[in-house]
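# Structural characterization, general
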Amino acid sequence: MNSLSYWAVLFVASVRNIFTHKLKSAVVGLLMCFGTGLVVTGTALLDSMEDSMSKSITSSLAGHLQVYSAEAKDELALFGGMMMGREDIGRIANFEDLERVAEQVENVRAIVPMGIDIASITGGNETDRVADTLRTAVAARDQAQIDLLRLQLSLMADALRSEFEAKQAITADKEALAADLQNLDRLQSDAFWLSLSDDPELAIQFIETKIAPMSSDGLIVYLRYVGTDLDEFTKNFERFEIVKGEAVPAGHRGFLFAEKFYEDHVKHKVARDLDRIHRQVHEEEKTIAEDALLRTKVGQMSRQYRRISFQLRPDDAQNLTSELRTMMPEVRAKDGAEPSLEVLLQAFLEVNDQNLDERYAYFYESIAPKIELYKIKVGDVMTIRAYTRSGYLKAVNTKVYGTFNFRGLERSDLAAAANLMDIVTFRDLYGLMSETRREELEQIREEVGAAEIDRQNAEDTLFGGSGQSLVAAPEDTAGFDEFRGQDLAGIREDLAEAYNQRFDAETVARGVALNAAVVLEDPDRLDETKAALQAAFDRSGQPMKVVDWQTASGIVGQFIIVIRLVLYVAIFIIFLVALVIINNTMVMATMERTTEIGTLRAMGAQRSTVMTMFLFETVVLGLLAGVAGALGGALFVTWLGHVGIPAGNQDTLIFLFGGPRMYPAFGLANLAVGLVSILVVSLVSTLYPARLATRIPPVVAMQAKD
Amino acid sequence: MKSLAPLFVVLLSAAFAPRAAHALGQSEVDAIVKELDERQRNNGDYKSLVYIEQKEKNKNDLIYQAVVYRRDEDDKLMILFMQPKAEAGKGYLRIDKNLFMYDPTVGRWERRTERERIGGTDSRRADFDESRMAEEFDARFVATEKLGAFDVAHLKLSAKKGVDVAYPVLELWVDTKTGNLLKQQEIALSGRLMRTSYYPKWEKMHSPSKGSDVYFPKEIRIFDEVEKGNQTLIVMQKVDLSSLEANMFTKAWLESKSR
């Protein structure tokens, strides 16, 4: 028998056996089909997800590669790591040097300097805000404004008094409460407002120190920001787009809020809550009546009424009161009297499924224009504070030019994790010490001449002497003039002038950065360019570390690895189960075919022929089932690619999917991986039964005949 | 209060008279704490030029020269930074329980808490303010010990209910011979030791408004017990007990200095 005939016979025998043992073939075939489909679908989804996430990350914040100091203590984590944004990633002393090297490397399109840090925006509460406005009004002798503010403060005092009186029965510190009530009386007295003209500063101080602490805490927003070359950033990160306001003009200091962050953290608390409830009802199809969490949210929101009432001007408050009375005639005060604005606002905010849309519209139409809808408005100059690397709090004023989004990632918190600021202001907040400042500090230190003491020996050094009294009479310094030779105003003026100067591209490039994003011409050559860039930095003597976008993303970049791992473990378990089932089925089938195999052996078939026959049979079945499974998987992925997989409101999914929906696609590689893995599993699971079959002696067949 | 001063001295002498290792009674302990406050209190105004230096591991040193203004009678404190140039004009203003910080760079005031690290150093508002330990804490005796060559009384102070202090527990080591505070440890609510401060040099000056001497620490050395290796030095370079301007403890006054 020639070789071709031999394989032809084996093939015919395999097909015959497959159809003869239908049940076995069906069980094994289905398992193989399912396994192949799973591998094709799973790997195709993962590849699509990796591709989408790569686009999310590379086109929003990371670029294709990131460069940072090789002497860094922590790993770079663009989307936040274990140090919650305070990672010590060293620094690039002069970005210009880095840029010069990177520009020589082929395939590098651009390198953008960055510095990531945490900062805070703070502000007083509503009373502080009114006190500030009062100070300005008094300075401007604007009596009309002063009268309005007096009314506003009086309304605030009424609200606080009713709250404190309710507390009177339960408070332990009755003395403190009585003092607070007395202060409220004083605020509303004519004598107090007369004293405003005698000594305005003292009167306003009374409001700031006695009245303001009675109200809730003021504004405090912590934000993560990236200080960068905003022009280069805009040019090289394709998904970047301005939503509100405008881009920061070249050469200007400025700040851009991530739109989602601005809506979620800077917007008025009541508006935010109302937006959230409205979104959940309309987009997630929840109902306030049935969703307990939503009901709790409504309850919490209605208790925030004072955030509205305290911000209203007295005339607006009056108008709103009558409008709300007309809108909700059923609302009455506890004693049945006409309800106050606060009672009405609380009732207004107690929304339900029936009135939500109407009240949402009314809020934005009639209430929002009368309150501070955003604590910081586009166009405002805000004070941003951050801890410098020396550990002290530094503040700068920066103009908010607008808000931005990364296209497709509008709903992702991760994409909105960082706001943007010019790198020159970042450097101010970073607080690197200049040589001039170092010299200045040394001079002050020398004047005092205090000795440094080691902590370990501090007690011996300080108290180890004779035990005699340490009290001395000081030198006569009475009447010293701290302002002699000091021109604080002049110093501030010089500093302000330097701060407000426009800067050029050279200033942006020359100076500190913490990391830099590298954007490539051809992203497919990422590994090759990464190696070339690393080699170029090594040659130039700059100790830099070059990492790809996935590593630079921190925990976020590892998501995909974790998901892939979970899928592989799931596939491994499924294949292990399949392997056992196929193995058992084949062993049973072998037992059933003892006579047939014995006969074949009696007719002169070698053991290797029996083994080959069994394996061949599995390969044929595997191919048939595998192709069916792969086709099934491919069809399923194609369908998903057509309809898209929604990310819902899951922030991580939006980011992983590169937008609100992912449209997956499969490649030949996914089909090949599916087929090959199922064939390998099938062959391995047939080895034992095939070996059993080869051991069946011809005599068994004869005995069976007998 | 002035008339009670001699009584404190008598009580203090009585408390330390035996100089032995036996326990001090509660009245003696209270007298020591009261005397610590009393000798540092000035009935009139107070002004001092202070040098503050902060050393932190792997960070640049922070160095400031500032003027501290106090009007203890009205419970007011103000700190105005004079040097270095970048910090000149910054300041703190305390009125009652409110602590405000002013930054002329941004022209704004901000509320701060009792835990505020003055200028980012390990010093707190209380390090520059009038001593109010008897008013804010309940004291108890721990032991008589040796601190270097000095015999000291070791006391433990716990914050009174409802009083806002930076740390709720203090441990003091007071020189039995002079009644000077030599060492102080501040402990958080969790029991964790936060700071150890040493007061190796004291100076006294006659106060016309008080009619007796006012004591002040010439030097305070603060060691951070959480971030080991961090330390702050405060040196009172000059002190003046003359009367200050009538209405200077205001935001407007502090702002005007850098405008």
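Residues numbered from 1 in each chain as written. Chains lettered and ligands numbered in written order. Predicted model: local features only at pLDDT ≥ 70, side-chain atom pairs only at ≥ 80, totals over all residues. Heavy atoms only, no water.

### Some words on the domain arrangement of chain B
Residues and elements named next belong to chain B. Segmentation of chain B into domains returns domain 1 (22-42 + 131-229) and domain 2 (45-128 + 242-256). A straight line from the C-alpha centre of domain 1 to that of domain 2 covers 22 Å. Of the roughly 1,400 Å² buried at the junction of domain 1 and domain 2 (both faces included), carbon and sulfur atoms supply 38%. At the boundary of domain 1 with domain 2, the tally comes to six residue pairs in polar contact (both at pLDDT 80 or more). When residues of the side of domain 1 that touches domain 2 are traced back to their parent elements, those giving at least two are strand E11 (193-207) and strand E12 (212-224). A total of four residues in the side of domain 1 that touches domain 2 trace back to one element, the largest contributor, which is E12. Partitioned by chemical class, the residues of the side of domain 1 that touches domain 2 number eight nonpolar, three polar and six charged. (Domains from an automatic or database assignment. Buried area = accessible area lost by both parts, 1.4 Å probe. Polar contact = N/O pair within 3.5 Å; in protein donor to acceptor, adjacent residues only side chain to side chain. Helix = DSSP H or I, 4+ residues; strand = E, 2+ residues; numbered from the N terminus. Nonpolar A, V, L, I, M, F, W, Y, C, P; charged D, E, K, R; others polar.)

### Some words on the interface of chain A and chain B
Chain A puts 66 residues into the contact, and the matching count from chain B is 85 residues. When chain A packs against chain B, the two sides together hide about 6,500 Å² of surface, and 56% of this comes from carbon and sulfur. Taken as a group, Phe 463, Phe 480 and Arg 492 of chain A account for 12% of the area that chain A buries against chain B, more than any other trio of residues on that side. Here chain A is connected to chain B by 11 salt bridges. (Contact = heavy atoms within 4.5 Å. Salt bridge = Lys/Arg side-chain N within 4 Å of Asp/Glu carboxyl O.)

### A word on empty space enclosed by the protein
Residues and elements named next belong to chain B. This structure, assessed with the given rule, holds seven cavities of 30 Å³ or more. Computed from the structure, the largest cavity encloses a volume of approximately 500 Å³. Lining the largest cavity are 31 residues, and of these Ala 126, Asp 127, Asp 129, Ser 131 and Gln 184 sit closest to its centre. Elements that contribute at least two residues to the lining of the largest cavity include exactly helix H3 (125-128), helix H4 (133-136), strand E10 (181-187), E11 and E12. Residue classes in the lining of the largest cavity are distributed as 17 nonpolar, three polar and 11 charged. Taken domain by domain, the makeup of the lining of the largest cavity includes at least three residues from each of domain 1 (22-42 + 131-229) and domain 2 (45-128 + 242-256). (1 Å grid on protein atoms, 1.4 Å probe; cavity = no way out; pocket = protein on both sides within 12 Å on 5 of 7 lines; lining within 4 Å. Points joined across faces, edges and corners; volume = space filled by probe spheres on them.)

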